[in-house]
Amino acid sequence: MPDLIAAFFDRLSRIERPVLTDISGGDRRDVAGADLADHLDRLAAMLRRKAGACRGDRVVAVFDNTLESALTLLAAMRHGMTLALQPVGTAPDDLKRLQARIDARAVINATRQGVSGATTIRLQDLATETPVKPATVPARTPFTITFTSGSTGVPKGIVHGAESFLTCAEAFNRQTGITGHDRFLNVMPMFYMAGIFNGILAPLAASAPVVIAEGFSTATAMRFWPTVATEAISALWLSPTMLSLVMRLDRTDKTVPPAMRRLFVGTGAMTAAAAEQFHRTYGLPPLQSYGLSELLYISVDRAEAPNFGTVGYPLDDVVLTCGAEDPLSIASPHAFLGYLVDGALQPHDGPFLTSDLAQVSESGALYVLGRADDIILRGGVNVNPVDLETALAPVMGGRPFCVIGQRDATLGQKVVLVTEGPGLVPAAFSEAQRVIRDHPGRAQLDAAAHVEKLPVGPTGKIRRAALRAMLAGGGA
Amino acid sequence: MIMGLSHVAFGCSDIEAATARLIGFGYAVRFDAPALENHAAKTPFLSRYQPKHHIRALSAEGAMAIELLDHGGLVGEQAAALIPVFRSLAPCPDWQARALDDLPISAEGLKSLCNALGKAPLAFHDPALSMTLMWVAATGDAPGLHACALPTADTGATVALLGQLRFRPDASGLWSLLTPLPALQARLIPVAAKQAAGFSDDPRLDAPGCACLALMARGTDRLPMPDALQGHRVSFSLPVNGKDSRITLAQPERGPIIELVDQTT
């Protein structure tokens, strides 16, 4: 395999303009492509001197949406180190435990907040470092370890080499027409796969500059479109929850800034209704994608002829196998190296069996119907909660909700509508039951429950397994 | 390839007094080389060559790095190439007030300067640093060397030089380098020049004031030099602060001597 990492940095070194711009803090900070390698080689020197971390070492890295995080990520890639990413706010004891569990050389902190016991990455200290020249990084060198949510058990460490990111990014950019003329805004959390791959590595693989902004929140949603306009952004990623907030909190005249041409939606399922509403309002189709932490991007919708309700069309060389009852199986050339189990890499080989039920249409569009392990078996009838949620969305008035199954002595499982905040009034629940009764299929809503806060992941996706556990433990 | 600022060179004859002054602005000594070889290739950039010289590098967070140069004494008039603009809560008590009109900056240039600084500076002579400099009040900002005015008789040529050195202007006319590392940042303000008594247009490393802007660079032995540095130029190797370095000194047609510091180890 050609040296993809060297080629990646060589392409960036030819760019005189900024390829990374950090607007997340008070000061705007730019790094030109031509200067990037020098900064990364100084950072590698600092990691060696301050944290004792060299090529081949694992490092626990606390990341946030900062230039320091982006540079640390790229330095690890260039110098053959492996980063186990953790969010800001992780307890120091948890970081230490993780360090011991994965036999990491050090804990480093690339955020603005202090982290006890961690080596802090400060850009101002790089000026005095002597750059370390990078050696060739062998193929299949572990680069990142990200962790599953752990909602269904102990979190699993997913190990990727740099090649899977770079080849997958190339396939994605080719399919979506992303080039060096684009300019990305990264509001995805950078301790998470979407924040480092969708938001940093994939755009840079196309030589497209990245503007790093504060991680998305209700507060930043208010200034979302002004930021897109001011920074002349042409492409970005949002989760379905973020997209919904952007629409609800938008106080502008609903005009998409002229440079903006691609809005990708990932990390969760966007309903066809939400996509259509966004498209009607802004004239820009939100492009649903499908991906897995283990396999990176699988599919993405087409901007020229979007197919809302699907997750788009598979990338080149990604092979899908699915049946009516069998979960989706995927063979991808961009697959992970394996899971980290007890500190050792358990290699992965062959197709990857997902937990998702899916269908491929005659046109080749992929429909993800839901997770096989979320399917509710009610009185012998399979009920897909995602399907019910799509039907219920119009009557829920934007209120966060979720449909889950709970054990039931008579039915095996009952179908429960869970809302956030105060419980539904009886009339509202009756209306929801009517909608489901009228919906094709033989589903019924059996009960309503409410929780103070629905458990969500970093991008706002509801964690159904955690919610089931909460309700089973009497959390409602 | 220019990576960022290495330092602004200050000629001095009493390096301890100059150091004490800079420490007062929050600077700390980064390294000190009391008897550093003065490469013979530097002769054309000096009024009086000495085989050894004393250099002392100082830095302060949020301020431009400074290197004090003691070539055994100061020769001639203050270099008009760069006029430092310091920032602090109050001027130093021993500074002697000067009129801005005494500087080699035209009335039009002073307007540009005020615009870039966001306020009018004051001018003082500093006996410790042996030069006339400018000062602005710090409003919560880090003290120290904030920027340098760059008097020029040919703004177009100076702007072209700065562009080739990878400086970029903002809307106010302040030119800075594209680097996220504060320690490598430099801020320059090109201003229209005029002749002024006590200032020389011919910068020398052993003159009072700031004759030289030193930039960190990579690949100076193989990459093409910026056009503006193609004229009078010398390169030599020298260990600086324990690191082998390739030093290039160039005298553009106008402005300060440009030094490129390329660490080779």
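Enquirer: Help me out: how do you make sense of the overall build of chain A in this one?
Expert: Helices and strands together make up the secondary structure of chain A, namely 13 helices and 27 strands. Compactness check: chain A gives a C-alpha radius of gyration of 23 Å against a globular reference of 23 Å for 476 residues, within 12% of the reference. Along the three orthogonal principal directions, the C-alpha set of chain A runs to about 70 × 50 × 40 Å. Considering chain A as a whole, with its 476 residues, one finds that 54% of them fall into the buried category. In the structure as shown, chain A presents an accessible area of about 19,600 Å², 51% of it carried by carbon and sulfur atoms. On chain A, the mean spot of the 44 positive side-chain charges and the mean spot of the 46 negative ones are 3 Å from each other.

Enquirer: In this structure, what is going on with the layout of surface pockets? I would like to understand it.
Expert: Over the atoms rolls a probe the size of a water molecule, and its path tells where empty space is left. If you add up the space inside the second largest pocket, you get close to 1,100 Å³. In terms of lining, the second largest pocket is formed by 37 residues, of which the most central are Asp27(A), Arg28(A), Arg29(A), Thr179(B) and Gln185(B). The residue makeup of the lining of the second largest pocket, split by class, is 13 nonpolar, 11 polar and 13 charged.

Enquirer: What should I look at first to understand helix 9 (residues 240–249) of chain A in this one?
Expert: Residue pairs spaced three or four apart in an α-helix point in one direction, given the helix's 3.6 residues per turn. Among the 10 residues that make up helix 9 of chain A, seven are buried, leaving the element largely enclosed by the rest of the structure. Of the surrounding secondary structure, the elements contacted by the buried residues of helix 9 of chain A are helix 7 (218–221), helix 8 (224–230), strand 11 (235–238), strand 12 (262–265), helix 10 (272–282) and strand 13 (286–292) of chain A.

Enquirer: Where do I start with unusual backbone geometry in this structure?
Expert: Peptide bonds are trans in most cases, and residues, glycine excluded, mostly fall at negative phi. Residues and elements named next belong to chain A. Even without being glycine, Thr-267 reaches a positive phi, approximately 70°. One non-glycine residue with positive phi stands out, namely Asp-317, at about 70°. Position of Asp-317 among the secondary structure elements: in the loop between strand 15 (313–314) and strand 16 (319–321).

Enquirer: Could you clarify how one ought to interpret the domain arrangement of chain A in this entry?
Expert: When the parts of a complex come together, some accessible area is lost, and that lost area is often used as the size of the interface. Residue and element names in this part refer to chain A. Domain parsing of chain A yields domain 1 (4–370) and domain 2 (375–472). Here the C-alpha centre of domain 2 lies 31 Å away from the C-alpha centre of domain 1. Overall, the association of domain 1 and domain 2 removes approximately 1,100 Å² of surface from exposure, summing both partners, and the carbon and sulfur fraction of that is 62%. Summed over the shared surface of domain 1 and domain 2, the result is zero salt bridges.

Cut-offs applied
For every chain, the first residue of its written sequence is number 1, and the numbers climb from 1 along that sequence. Lettering of chains starts at A and numbering of ligands starts at 1, both following the order in which they are written. Where totals are concerned, whole chains, interfaces and linings use all residues; where local detail is concerned, this predicted model gives features only for residues with pLDDT of at least 70, and gives and counts side-chain atom pairs only at 80 or more. Calculated side-chain values reflect all of the structure's heavy atoms, with hydrogen atoms and water omitted. Here a strand is any run of E in DSSP of at least two residues, a helix any run of H or I of at least four, and the numbering for each starts at the N terminus. Only the C-alpha atoms count toward the radius of gyration. The rule for a globule is 2.2 Å times the residue count to the power 0.38. Burial here depends on accessible area, computed with a 1.4 Å probe over protein chains only, as a share of the maximum for the residue type. Under 20% is buried, over 50% is exposed, and the range in between is partly exposed. All accessibility values rest on the Shrake-Rupley procedure with a 1.4 Å probe; residue burial counts only the protein chains present in the view. The sign given to each residue is positive for Lys and Arg and negative for Asp and Glu; His and the chain ends receive no count. The location of each charge is read from NZ of Lys, CZ of Arg, CG of Asp or CD of Glu. Buriedness for pockets is judged along seven lines, at least five of which must meet protein on both sides within 12 Å for an open set on the 1 Å grid over protein atoms alone, while cavities are sets there where a 1.4 Å probe fits but cannot get out, and lining residues have an atom within 4 Å of a point. Grid points are joined across faces, edges and corners, and a volume is the space filled by probe spheres set on the points. Gly falls in the polar group here, along with every residue not listed as nonpolar (Ala, Val, Leu, Ile, Met, Phe, Trp, Tyr, Cys, Pro) or charged (Asp, Glu, Lys, Arg). Should any heavy atoms of two residues lie within 4.5 Å, those residues are counted as being in contact. Reported domain spans reflect what an automatic or database domain assignment gives. In this description, buried area is defined as the sum, over both parts, of the accessible area (probe of 1.4 Å) that is lost when the two are combined. When a carboxyl oxygen of Asp or Glu is within 4 Å of a side-chain nitrogen of Lys or Arg, the pair counts as a salt bridge.

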